[in-house]
Amino acid sequence: MITLEDCIVFCGLSEEEVLAIVEHEHMPEAAACALAEYLLNQEHGPEKIRDMIVDDVRAAQARCDREHVRTLLHSCTISSRRILKRYRPNGAARLLAAQGHR
């Protein structure tokens, strides 16, 4: 039987990144893993995952949940660099340049 941990490993994201998708899309973890795997293979999919995490950060800020903001920001930073670099050569450099980082 395939476990949730197996699904997370197969989808290519960390558990925190999958949980951010769960939060954003209001879906079960296994479905979020499937969505993540699908998005990672789409042209702008990694950026969509990053945007979901950013939306979650904004929602956490609105409810003054500082700890969750920190967790999500960590996921977003790691996600942006790791995912875009892995799935889009030079993608991380373009993303960071667009965000004003050189």
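Rules behind the numbers
- Residues numbered from 1 in each chain as written.
- Predicted model: local features only at pLDDT ≥ 70, side-chain atom pairs only at ≥ 80, totals over all residues.
- Heavy atoms only, no water.
- Salt bridge = Lys/Arg side-chain N within 4 Å of Asp/Glu carboxyl O.
- Buried < 20%, exposed > 50% of the residue type's maximum accessible area, 1.4 Å probe, protein only.
- Helix = DSSP H or I, 4+ residues; strand = E, 2+ residues; numbered from the N terminus.
- Contact = heavy atoms within 4.5 Å.
- Core = buried A, V, L, I, M, F, W, Y, C linked by side-chain atoms within 4.5 Å.
- Expected span 1.5 Å × (residues − 1).
- Arc of directions from axis to C-beta.
- Patch = residues over 30% accessible without salt bridge, like charges linked within 9 Å, V, L, I, M, F, W, Y side chains within 5 Å.
- Areas by Shrake-Rupley, 256 points an atom, 1.4 Å probe, with all protein chains shown as cover.

Student: Sorry if this is basic, but what is going on with the pattern of salt bridges here?
Tutor: Pairing is possible between side chains that carry opposite charge, provided their charged atoms lie close to one another. Evaluated as defined, the whole model comprises four salt bridges. Where arginine 63 meets aspartate 65, a salt bridge forms, and the shortest distance between an N and an O atom there is 4.0 Å. Look at arginine 63 and you get partly exposed, because its relative accessible area is 46%. By relative accessible area, which is 27% here, aspartate 65 ends up partly exposed.

Student: Quick question: what am I supposed to make of the environment of methionine 27 here?
Tutor: Relative to the helices and strands, methionine 27 resides in the loop between helix H2 (15-25) and helix H3 (29-40). Assessed through its relative accessible area of 23%, methionine 27 is described here as partly exposed. In this structure methionine 27 touches Ile21, Val22, Ala32 and Leu35, once residues within four positions along its chain are discounted.

Student: Just checking my understanding: could you explain the nonpolar core for this structure?
Tutor: Generally speaking, nonpolar side chains in soluble globular proteins are found buried as a group. Core analysis: the largest hydrophobic core is formed by 19 residues, its most contacted members being Cys11, Leu13, Val18, Ile21, Ile49 and Leu72. Those elements that place two or more of their residues in this core are helix H1 (4-11), H2, H3, helix H4 (45-62) and helix H5 (66-87).

Student: Help me out: how do you make sense of unusual backbone geometry in this one?
Tutor: For residues other than glycine, phi is negative in most cases, and the peptide bonds are mostly trans. In this model, histidine 26 sits at a positive phi of 55 degrees, which is unusual for a non-glycine residue. By the secondary structure assignment, histidine 26 is in the loop between H2 and H3.

Student: Where do I start with H3 in this structure?
Tutor: Quick reminder: α-helices carry 3.6 residues per turn. Residues three or four places apart thus point the same way. Taking 1.5 Å of rise per residue, the twelve residues of H3 would be expected to cover 16 Å, and the 16 Å separating its terminal C-alpha atoms lies within 8% of that figure. All buried positions along H3 are accounted for by Ala32, Cys33, Ala36, Leu39 and Leu40. One side of H3 holds all its buried residues, which, seen down the axis, span an arc of 130 degrees.

Student: Looking at this structure, I do not really get a nonpolar patch on the surface. What am I missing?
Tutor: A cluster of nonpolar side chains, namely Ile2, Val9 and Phe10, defines an oily patch on the protein surface of about 370 Å² accessible area. Among the secondary structure elements, phenylalanine 10 is positioned in helix H1. Looking at phenylalanine 10, the relative accessible area reads 62%, which means it is exposed.

This is a description of form; function is not addressed.
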